[in-house]
Amino acid sequence: MSETTSREQSSGPRRIPAPHPASGATGPAPDAAAAGNGTPPTRREAVVIGGGLAGMLAAAALAPYADRVTVIERDTLPRTPGSRAFLPQAQHAHMLWSGGADAIEALLPGFSDRLLAAGAHRIPLTSGMVALSPGGWYRRWRPTHHLLAATRDLIDWAVRQEVAELATVRIVEDTRVLGLTGDRDRVTGLRVTTRDGAEEHLAAALVVDAGGRGTRTPQWLRELGVPPVREELVDSGLVYASRLYQAPPGAERGFPVVNVQAVPHDPRPGKGAVIMPVEGGRWLVTLSGTRGGQPTGDSAAFEPFARSVRHPVVAELLRYATPLSGVTTFGHTANRRRYYEKCRIWPEGYVVLGDAVASYNPVYGHGMSVAAQGARALRRSLLEGGGLRAAGLARRTQRAVAAPVSVAWDLATGQDIFYPDAIGKRPGAADKLLSRYVGRLVRTATADFVVATALTEVMTLSAPITTLVRPRVLLHALLGPRMPQLTGPPLTERELGFTRRTDRSDKERTEKEQPAGT
């Protein structure tokens, strides 16, 4: 018997420390008595590992079905939109596609309004995007979908604010998870270390790991006797470099996302650049490059790198913007997936969501949306009945979570494996054939509304990947582009207007500064 369990029996149940007063949580701390000896809890207790976006959405999914949901977070969460120590990728461009935004809205009605009120942008697709795809410039077709554009800090804050208002949710910060309690048949809770260094047990009818890329689920499951899960990795070697700019006067609102994409099959390193309008009248600019062509943190090299990608439109637009920050880099961009849904043995009472299941090259912008759809899958599994301890709930949920994971995985790895020196299982004949078909779709989409809409549906995670092989889409792909391809970025006269105003004012200022007679 552990020392902690002995103390609990001799001096009464120990308690997890009460949530931080500023966390938005109130009420008593969770009871910790039952999990120490593997006894299932009597109350409808749920515990979520991780207070990031996936964890908060998991808590929202659980809230209607639990007496109490406890979110365990190792960090101190910011009370305003701010950076977190354990989320280094937050400084780079994030896209919340409509498929993800709709899932969050289903879990937290009012989220989108809160985010937009705080300054986020609702970008219509494809009319609000200027994009150079591997197949050419996309036309700006009439809107069929959308994305929400904001900094990751603001998105996380908006979700936290919504979740903190749920009466049954408690957020416990500065607490680290040591491992699971229970056995290979059922997880009954967690062992944690609190902010004062004490080890405690926390009982739960259902535990959800939403701890992100740093998940320790594989180790914890091995400790319970669960056989190792199959993993897969595809790494293009991509590095991100990002910088905040003040948008030029007149471009603070209503400006499109500008995106120059790399070409995976090109023998040269893949380079890309994106301008993402975010709150505060700012642009978040992210550059990317695979092995042999990676950007650095050198501010002086930032705009020259933007000029070195396939088209210099991003660099040209940055001439009229004002840098607000230094350059931040991020290189942990490998695609990694764990096939929990295929495990022969899976314990009741345990579910894994978000990046803890699969993480993706961030250039595709799918991480947040997959996490949201995974949390929504958890809500739907609970809706089917039986409560937190329903037989088969964990396995049923894990299989449902795998659906959006698979779409995002196929989209990301189907491209990344073809970059020079990419690491991962080499594509076979079927993979190469599929890649050629997708390449034809992308080229056709530059001048065909039907194919462009199908690709948008899949990219935004609003439809399954089988959408791309519907008869009508196949026919249009066979026929190819029906219109001439664009030869340059389709910026409107209004969007180009601010550059002309800036050019004119620069010229006038220069003329005023010239000595007379020159």
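Note that the structure is predicted; figures quoted are calculated from it, not measured. (Residues numbered from 1 in each chain as written. Predicted model: local features only at pLDDT ≥ 70, side-chain atom pairs only at ≥ 80, totals over all residues. Heavy atoms only, no water.)

Draft legend 1. Structural view of the overall build of the protein chain. Looking only at helices and strands, the protein chain features 14 helices and 22 strands. Going through the 518 residues of the protein chain one by one, you find that 57% of them count as buried. Taking as baseline every contact in the protein chain between residues at least 6 positions apart, the subset at least 24 positions apart corresponds to 75%. Of the accessible surface of the protein chain, which amounts to about 21,100 Å², a share of 53% is contributed by carbon and sulfur atoms. (Helix = DSSP H or I, 4+ residues; strand = E, 2+ residues; numbered from the N terminus. Buried < 20%, exposed > 50% of the residue type's maximum accessible area, 1.4 Å probe, protein only. Contact = heavy atoms within 4.5 Å. Areas by Shrake-Rupley, 256 points an atom, 1.4 Å probe, with all protein chains shown as cover.)

Draft legend 2. Quick peek at the packing of aromatic side chains. Under the criterion given, the structure shown has five aromatic pairs. Between the aromatic rings of W141 and F449, the centroid separation amounts to 5.8 Å while the plane-to-plane angle is 70°, which identifies the pairing as edge-to-face. Separated by 308 residues along the polypeptide, W141 in the loop between β6 (136-137) and β7 (145-149) and F449 in helix α12 (residues 449-459) bring together distant segments of the chain. Accessibility expressed as a relative area gives 15% for W141, which makes it buried. Relative accessible area serves as the criterion here: at 22%, F449 is assigned to the partly exposed category. Between Y245 and F302, the ring centres sit 6.2 Å apart and the planes meet at 35°, which makes this aromatic pair tilted. Of this pair, Y245 sits in strand β14 (residues 239-246) while F302 is found in helix α7 (residues 302-308), placing the two residues 57 residues apart along the sequence. The ring centre of Y339 lies 3.9 Å from the NZ or CZ of R230, which sits over that ring. (Phe/Tyr/Trp six-rings, centres within 6.5 Å; stacked < 30°, edge-to-face > 60°. Lys NZ or Arg CZ within 6 Å of the ring centre and 35° of its normal.)

Draft legend 3. Structural view of the nonpolar core. Counting 122 residues, the largest nonpolar core has L62 and F111 as its most contacted members. Per-element tally for this core: the top contributor is helix α2 (residues 53-62), with nine residues. Counting 29 residues, the second largest nonpolar core, distinct from the first, contains L132, V258, A273 and Y320. (Core = buried A, V, L, I, M, F, W, Y, C linked by side-chain atoms within 4.5 Å.)

Draft legend 4. Summary view of the packing of helix α11 (residues 429-445) against α12. As a packed pair, α11 and α12 sit with axes 7 Å apart at the nearest point and diverge in direction by 120°. As summarised for this structure, α11 and α12 are arranged oblique, according to the angle between their axes. In this structure, α11 meets α12 at a crossing whose hand is left-handed. For the pair α11 and α12, contact is made by L441, V442, T444 and A445 and by V451, A452 and L455, respectively. Each residue belonging to the contact of α11 with α12 can be placed in one class, and the counts come to six nonpolar, one polar and no charged. (Axes fitted to C-alpha atoms, helices over the stretch in contact; angles between N-to-C directions. Parallel < 35°, antiparallel > 145°, perpendicular 65-115°, else oblique. Left-handed = near helix turned anticlockwise from the far one by under 90°. Nonpolar A, V, L, I, M, F, W, Y, C, P; charged D, E, K, R; others polar.)

Draft legend 5. Examining the pairing of strand β17 (residues 282-289) more closely. With seven of eight residues buried, β17 lies mostly within the body of the structure. The pairing of β14 with β17 spans eight bridges and is classified as antiparallel. Across the sheet, residue V239 finds its bridge partner in β17, namely G289. Sheet topology note: the strand β16 (residues 271-278)/β17 ladder contains eight bridges and is antiparallel. Considered in β17, the bridge of P277 is made with W283. Turn length for the β16-β17 hairpin, with the two strands adjacent in sequence and antiparallel, is three residues, and the turn residue G280 shows positive phi of about 80°. (Pairing = 2+ DSSP bridges.)

Draft legend 6. Structural view of the sheet that holds strand β12 (residues 206-209). The strand order across the open sheet formed by five strands is β8-β2-β1-β12-β21, and the pairing between neighbours is parallel. The open sheet has two free edges, formed respectively by β8 (169-172) and β21 (350-352), since each of these has just one partner strand. Shown here is a sheet whose adjacent strand axes are inclined to one another by a mean of 20°, direction ignored. Here strand β2 (residues 68-72) runs beside β8; their pairing, made up of four bridges, is parallel. Considered in β8, the bridge of V69 is made with V169. Across the face of the sheet, α2 comes into contact with β1 (45-49), β2, β8 and β12 while running at roughly 165° to β1.

Draft legend 7. Structural context of the sheet that holds strand β4 (residues 121-125). Taken together, three strands build an open sheet; the order of strands is β3-β7-β4 and the sheet is antiparallel. Every interior strand has two partners, whereas the edge strands, β3 (95-97) and β4, have only one. Put simply, the sheet's adjacent strands are angled 30° from each other on average, direction ignored. Note that β4 and β7 share five bridges and pair antiparallel. Bridge assignment links R122 to a residue of β7, and that residue is L148.

Purely geometric numbers; function is a separate question.
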